[in-house]
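Here is how the chains run, residue by residue.
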Amino acid sequence: MPGTALASPRTESLDLDLTPAALAMVWPGVGRAHEALAVPGIRLAHGDALVSVELATVCGSDVHTISGHRPGPVPSVLGHEQVGRVLATAGPVRAVDGRRLEAGMRVIWSVVVSCGRCARCRRGLSNKCSSAAKYGHEAVHHEWELSGGFASAVHLKRGTGIVIVDDETPAGVLAPASCATATVVAAIEAAEQITPLTGRTVLVTGAGMLGLTATAMATDAGARVIVSDPSAERRAAALRFGAAAVADPSLPSAATGSLARVLAAQTRGRGLCDVALELSGAVPAVASAIASLDTGGVLVLVGSVSPSAPVQLDPERVVRQLLTVRGVHNYTPVQLQRAADYLATAWRRRPFEQLLGEVFPLEQIDAAFAAARALGGPAPAASTAPATAPASSPSSPAGISPTALFRPPAPDSEAVRPAAVAPVAARIGLAPSAVPHAVPHPYPDRDRTGRRIHPAD
Ligand SMILES: [Zn+2]
Ligand SMILES: [Zn+2]
């Protein structure tokens, strides 16, 4: 950019002394316990911000990473779902809605840092920026130690989509917004570019954090939502999030409660849907979602975020039935804003608060991961979701009586239902115990040996 070279980086950056030192929990690799890293000072480049973390939640992908099922650089600070408060900014930093960030503002932020200049950013695919960095996905390095949510503070880089949120919405509702909620916004927008959801029949496969969020959002958009998941507990949760009906994909198609029977009952015998949102990543679920599409239907694939077996696609059917298949991964800053706007009111009428389970102090991150693992496949159904079986398979999940699997639709009510049913803990939380709310003060610049280069005054 013209003019940039004339400005001194030193005048644009801000060196901060953190008292007490920020604490980052560093993941050193598979099979090893997290290690605490004290970060006594950081340098914010022009346009960066420092935020204290109020609550971070453990995503299914974090669990995959520490389990070695997904490559991740080490050592790194994981965590990309969190809510926090602005501590400082270097120069004016604007939120997605254009407001200028000020210390004390409560914020959430995008998982991707994008450059805003590359060809992909310019065509609106900032979530796929060619020089993207991602919170919770980078090796710890000098000048970006606070790069993930599992820390008492996070260093937000210029190019991050930052969204100001209200003080009333519970932290457990807001933290997953930068993962599940914003991704669902992107998925629903991908479908609505083909057909508006109002009055449509929408099939949601997978009722983890993504699926429950999609159920609520599509229902609120005026769709009739049918949710397919082999877990009875998840299906019960889907009804509480607004599903018109739920189906067990592991049942034979002739059985009561099978996907075929439920779809037929909900569509006056048509037995097909207009939109399918595939959020489980399970290959049989992808196949059943394609098979369930009516003419003009749209399939949005979201859950398939790890390598899987290929799925058969009949090209003639795609042509003759005018089908659309779209892929969605991450989201744009504007979609994160829409996610926050949605949650700001939705949590009062849908049980989003029940998706947060136990909350651990940040220092007990290994116990938090053990609890997340014990949930048996936390939210984003990636590869931890129980595989949905084809309709011909008579198998059902072990230990669950098939007769208990189908529940009638819940009465349509805008009121928050009391938590009579056991809560579905889709996320484990981490809360820093000593959040440095004190305003950071200037941190003297030091060279590699720790010697001051520019002594104060
Ligand atoms: Zn996530
Ligand atoms: Zn870019």
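*Asks:* So, the overall build of the chain: which residues are in play, and what are the values?
*Replies:* What the chain contains, in helices and strands, is 12 helices and 17 strands. Out of the 457 residues belonging to the chain, those deemed buried represent 51%. Excluding contacts between residues fewer than 6 apart, the proportion of contacts in the chain whose partners are at least 24 apart in sequence is 74%.

*Asks:* Account for the sheet that holds strand 11 (residues 245-247), with residues named and values stated.
*Replies:* One open sheet holds the 6 strands; their spatial order is 11-10-9-12-13-14, and the pairing between them is parallel. Of all the strands in the sheet, just strand 11 and strand 14 (324-327) have a single pairing partner and so form its edges. Within this sheet the neighbouring strands show an average axis-to-axis angle of 20°, counted without direction. Direction of pairing for strand 9 (residues 201-205) relative to strand 10 (residues 224-228): parallel, over a ladder of 5 bridges. Residue pairing in the sheet places T201 in a bridge with R224 of strand 10. Strand contacts of helix 6 (residues 209-220): strand 9, strand 10 and strand 12 (273-278), with the helix running at about 165° to strand 10, the strand carrying the most contacts.

*Asks:* Any details on the packing of helix 5 (residues 180-192) against helix 11 (residues 333-346)? Residues and values, ideally.
*Replies:* Each packed pair of helices is defined by two parameters, the angle between the axes and the distance between the axes. One way to put it is that helix 5 packs onto helix 11 with a least axis distance of 8 Å and a crossing angle of 105°. Of the possible angle classes, the one that applies to helix 5 and helix 11 is roughly perpendicular. Counted together, T181, A182, V185, A186 and E189 of helix 5 and Q335, L336, R338, A339, Y342 and L343 of helix 11 form the full contact between these two elements. A breakdown of the residues in the contact of helix 5 with helix 11 according to their chemical character gives 7 nonpolar, 2 polar and 2 charged.

*Asks:* Before we move on, can you summarise the packing of helix 5 against helix 6 with the specific residues and values?
*Replies:* Put simply, helix 5 and helix 6 touch, their axes get as near as 9 Å, and they point 55° apart. One element, helix 5, and the other, helix 6, form an angle in the oblique class. Judged by the sense of rotation from one axis to the other, the crossing of helix 5 with helix 6 is right-handed. On helix 6, the residues touching A180, T181, T183, V184, A187 and I188 of helix 5 are M209, L210, T213, A214, M217 and A218. A breakdown of the residues in the contact of helix 5 with helix 6 according to their chemical character gives 9 nonpolar, 3 polar and no charged.

*Asks:* Tell me about the confidence of the model for the chain, residues and numbers included.
*Replies:* Residue-level pLDDT values for the chain average 85, and 82% of them are 70 or greater. Under a pLDDT of 50 for its full length, residues 1-9 has, in the predicted model, 1 contact with residues more than four places off or in other chains. Low pLDDT (under 50) marks residues 377-422, which in the prediction has 115 contacts with non-local residues, meaning those over four places away or in another chain.

*Asks:* Would you mind going over the environment of V184 in detail, with residue names and values included?
*Replies:* Note on placement: V184 falls in helix 5. As for V184 and Y331, which are separated by 147 residues in sequence, their C-alpha atoms are 8.7 Å apart.

*Asks:* I'd love a proper account of the nonpolar core, names of residues and values included.
*Replies:* Residues A151, A187, I226 and L277 are the most contacted members of the largest nonpolar core, which totals 133 residues. With 9 residues, the top contributor of residues to this core is helix 5. Ignoring anything within four residues of it in the chain, the contact list for A151 reads A22, L23, A24, M25, V53, V77 and L146.

*Asks:* Explain helix 12 (residues 365-374) to me, and be specific about the residues and the numbers.
*Replies:* Taken together, the buried positions of helix 12 are I365, A368, F369 and A372. An end-on view of helix 12 places all buried positions within 100° of arc, on one side of the element. In the core, the buried residues of helix 12 are packed alongside strand 1 (14-26), strand 3 (49-58), helix 2 (60-66), strand 15 (356-361) and strand 16 (427-431).

*Asks:* Summarise unusual backbone geometry; cite the residues concerned and give the values.
*Replies:* In this structure, P20 follows T19 across a cis peptide bond, with omega equal to 0°. Relative to the helices and strands, P20 resides in strand 1. Cis peptide bonds are those with omega within 30 degrees of zero, and the linkage from V74 to P75 qualifies with -10°. Within the secondary structure, P75 sits in the loop between helix 2 and strand 4 (82-89). For R268, which is not glycine, the phi torsion reads 50° and is therefore positive. Structurally, R268 can be placed in the loop between helix 8 (259-266) and strand 12.

Rules used throughout
- Per chain, residue numbering runs from 1 following the sequence as it is written.
- Chain A is the first chain written and ligand 1 is the first ligand written, with later ones labelled in order.
- Only residues with pLDDT of at least 70 are given local features in this predicted model, and only at 80 or more are side-chain atom pairs given and counted; all residues enter the totals for whole chains, interfaces and linings.
- The way it works is that DSSP assigns letters per residue, a run of H or I at least four long becomes a helix, a run of E at least two long becomes a strand, and they are numbered from the N terminus.
- Our exposure labels follow a C-beta count within 10 Å of each residue's own C-beta, placed from the backbone: buried means 20 or more other C-beta atoms, exposed means 12 or fewer, and partly exposed covers the counts in between.
- For every residue pair, C-beta atoms are placed from the backbone, and the pair is scored as a contact if these atoms sit within 7 Å.
- Between any two strands, pairing holds if DSSP finds at least two bridges.
- For every element, the axis is a line fit to its C-alpha atoms; helices are fit only across the contacting stretch, and the angle between N-to-C directions ranges from 0 to 180 degrees.
- With respect to orientation, any angle under 35 degrees is reported as roughly parallel, any angle over 145 as roughly antiparallel, any angle of 65 to 115 as roughly perpendicular, and every other angle as oblique.
- Each residue gets one label: Ala, Val, Leu, Ile, Met, Phe, Trp, Tyr, Cys and Pro are nonpolar, Asp, Glu, Lys and Arg are charged, and the others, such as Gly, are polar.
- It is the rotation of the near helix from the far one that decides the hand of a crossing: anticlockwise by less than a right angle makes it left-handed, clockwise makes it right-handed.
- For every residue, the predictor assigns a confidence score, pLDDT, that lies between 0 and 100.
- By definition, a nonpolar core groups buried Ala, Val, Leu, Ile, Met, Phe, Trp, Tyr and Cys residues that connect through C-beta atoms lying within 7 Å of each other.
- Working note: the arc is built from the helix axis to C-beta atom directions.

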